[in-house]
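A closer look at the structure
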Amino acid sequence: MRSFSSLILVLLFLPVLARAQQAPTPPVLAAKSWLLVEAASGQELVASEPDLRLEPASLTKLMTAYVVFSALRQGTLKLDQTVPVSEKAWKTGGSRMFIQVGTQVRVEDLLKGMIVQSGNDACVALAEAVAGDEQNFAQVMNREAQRLGMKGSSFRNSSGLPDPQHYTTARDLAILAGALIRDFPEEYAKYYSMKEFRYNNITQPNRNRLLYIDPSVDGLKTGHTEAAGYCLVSSAKRGPRRLLSVVMGAPSDKMRAQESIKLLNFGFQFYDAVQIYPRNEAVSTLRVWKGKESAVRIGFPSDLVITVPKGFGPKIRTELVTQQPLFAPIAQGQPLGTLKVSVDDRAYGDYPVLALDAVPEAGFFGRMVDSVRLWFK
C-alpha cells in the first residue's frame, strides 16, 4: 500500500511538463527563491531558484505539524492528552507560546501555539510527546521528507532554529504544503486560518499577514531568522482552484506578504486549471490475457488536472498509448500506459495511466485456453 501511495505522490508532484508557447511573462520578486504551484496537479507555474537550499526557519513547523497530525491519526497521540513541559522545551529560545516548566499542556493547545503563535517551545514539547526527544523526532521528520519526495531537505530540530545541517528548498516546501492539505484536510481547515490564539493570558496574532488582507488565503506559515530572511508559504482557494506559493528570503515582513500576493494573483489571473479526467474514472478498458478477469479498467487515482494559460483549454488534446498484449497478474496501481497531452499542437506532458483494479492470474485451464487463443492472433 505504501508503494501505491508513493506512486500517487509521483503522479501529483512530478508531472513531466512543457510550457505552452504563449505562456504569460512571470513576475520578478524581491526574494532569494520562489515557486507557485497548482495544488490539484502539483504543476509549477512560476519558479526562480526552486531547488536552492536555504534555511527554513519556522517553515520547519509545517513538517512538525505533519508528523504530529500523523501521530494523532495513528492514535499514538490524542488532542485532549496533556503533555508535561520539560526544561528543554521551556528554555527553547525564539518565538514562544510561553508554556511553563513542570506544567501539563493539552496537545491541541500546543498545536495552536505552534501553528498560530509559532511557538518553538510548543514544538519541542510536541516532539518529546511523539518521539521521546527532539533528536528522535528529527529522524521521523527526515523519514517523512524522503517518503514525500522532498529531495533537498534535511531537518535537525522541530522548530527551525539555525543549524548548518538544517535546510530545505522552495520545491520541497510546496510538496510538503500540498501533502499537508491533501492528507489532513480537516486539521488544515481547523488550525491554519486561525488569526490569533490566547494562552497563559497572552494573546498572539498569526504572523501570516495574508489572512487579514485576502479572504481567499487560508494558510500556511511564516518564517524568519537573520540568515533566512523573511519567508512565507501561502495557500489560496478561489472557486475550485487552490494555489500554493512559496517565497523565501524576502527583505521584510511586508515584502514577503506583498510578493506572495503578487504570485497568487498572477496564477489566478493568467492561468486556468482544466480537469482532463476525474479520479478513478476509466480512461479505457484493456484486454487481459491469462487472468481471472478478461479486462482491466485504467485511469488515474487522483483527478488529472493540468494548468494552461487562459484561453488554451479548448486546444488541449490527448492520446492514450498502452502496453499490448497485457498478461495477468496485474496489481492495482500498476502503470499500464501513458496519456500524452498536447496544447495547441505542442507536447505538454506525459502522464502514467494506472490499473484501477487488480487482476489475479487465472488457473491452469484458463491460462491454457488463452495461450491457444493467442496462437491465432
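Residues numbered from 1 in each chain as written. Predicted model: local features only at pLDDT ≥ 70, side-chain atom pairs only at ≥ 80, totals over all residues. Heavy atoms only, no water.

**Some words on the overall build of the protein**
- Counting its regular elements, the protein contains eleven helices and 17 strands.
- The buried share among the 377 residues of the protein stands at 53%.
- Pairs at least 24 apart in sequence give 66% of the contacts found in the protein among residues at least 6 apart. (Helix = DSSP H or I, 4+ residues; strand = E, 2+ residues; numbered from the N terminus. Buried < 20%, exposed > 50% of the residue type's maximum accessible area, 1.4 Å probe, protein only. Contact = heavy atoms within 4.5 Å.)

**Remarks on the packing of aromatic side chains**
- One pass over the structure, following the stated rule, counts seven aromatic pairs.
- Ring plane angle 20° and centroid distance 5.4 Å describe the contact between Tyr 188 and Tyr 192, whose orientation is recorded as stacked. Each member of the pair Tyr 188 and Tyr 192 is classed as buried.
- One aromatic cluster in this structure is built from Tyr 66, Phe 69, Phe 184 and Tyr 191.
- Positioned above the aromatic ring of Phe 312 is the side chain of Lys 315, whose terminal nitrogen or guanidinium carbon lies 4.7 Å from the ring centre. (Phe/Tyr/Trp six-rings, centres within 6.5 Å; stacked < 30°, edge-to-face > 60°. Lys NZ or Arg CZ within 6 Å of the ring centre and 35° of its normal.)

**Details of the pattern of salt bridges**
- Throughout the structure, instances matching the rule amount to 19 salt bridges.
- The salt bridge involving Arg 96 is made with Asp 121; its shortest N-O contact spans 3.9 Å. Placement of the pair is Arg 96 in the loop between helix H3 (87-91) and strand E5 (104-106) and Asp 121 in helix H5 (residues 120-131), with a sequence separation of 25 residues.
- As a salt-bridge pair, Arg 242 and Asp 218 come within 2.9 Å of each other at their nearest N and O atoms. Highlighted residues: Arg 242 in strand E10 (residues 241-250) and Asp 218 in strand E8 (residues 217-225), separated in sequence by 24 residues. (Salt bridge = Lys/Arg side-chain N within 4 Å of Asp/Glu carboxyl O.)

**Side note on helix H7 (residues 170-183)**
- Taking 1.5 Å of rise per residue, 14 residues should cover 20 Å, and H7 covers 20 Å from first to last C-alpha, within 8% of that figure.
- By the criterion of burial, H7 is predominantly enclosed, with twelve of the 14 residues buried.
- When H7 is considered as a whole, its buried residues turn out to be Ala 170, Asp 172, Leu 173, Ala 174, Ile 175, Leu 176, Ala 177, Gly 178, Ala 179, Leu 180, Ile 181 and Asp 183. (Expected span 1.5 Å × (residues − 1).)

**Some remarks on the side chain of Asp 109**
- Along the polypeptide, Asp 109 turns up in helix H4 (residues 107-115).
- The buried category is assigned to Asp 109, whose relative accessible area is 17%.
- Among all residues touching Asp 109, those that are not within four sequence positions of it are Met 97, Phe 197 and Tyr 199.

**Examining the confidence of the model for the protein**
- On average, residues of the protein carry a pLDDT of 90, and 90% of them reach 70 or more.
- Below pLDDT 50 for its whole length, residues 1-21 participates in 51 contacts with residues either more than four positions away or in separate chains. (pLDDT = per-residue confidence, 0-100.)

**A word on the sheet that holds E10**
- Spatial strand order, E3-E2-E10-E9-E8: five strands in an open sheet with antiparallel pairing. Only two strands of the sheet have a single partner each, and these edge strands are strand E3 (43-48) and E8. Strand after strand, the sheet turns through a mean of 10° between neighbouring axes, direction not considered.
- Here strand E9 (residues 229-238) pairs with E10 via eight bridges, running antiparallel. Opposite Leu 232, over in E10, you have Val 247 as the bridge partner.
- Packing of helix H10 (residues 253-270) onto the sheet brings it into contact with strand E2 (33-38), E3, E8, E9 and E10, and relative to E10 it is tilted by some 145°. (Pairing = 2+ DSSP bridges. Axes fitted to C-alpha atoms, helices over the stretch in contact; angles between N-to-C directions.)

**Examining the nonpolar core**
- In this structure, Met 63, Phe 69, Leu 110, Leu 111 and Tyr 192 are the most contacted members of the largest nonpolar core, which totals 63 residues.
- Every residue in contact with Leu 110, bar those within four places of it in the chain, is listed here: Val 83, Met 97, Ile 99, Val 105, Ala 122, Ala 125 and Leu 126. (Core = buried A, V, L, I, M, F, W, Y, C linked by side-chain atoms within 4.5 Å.)

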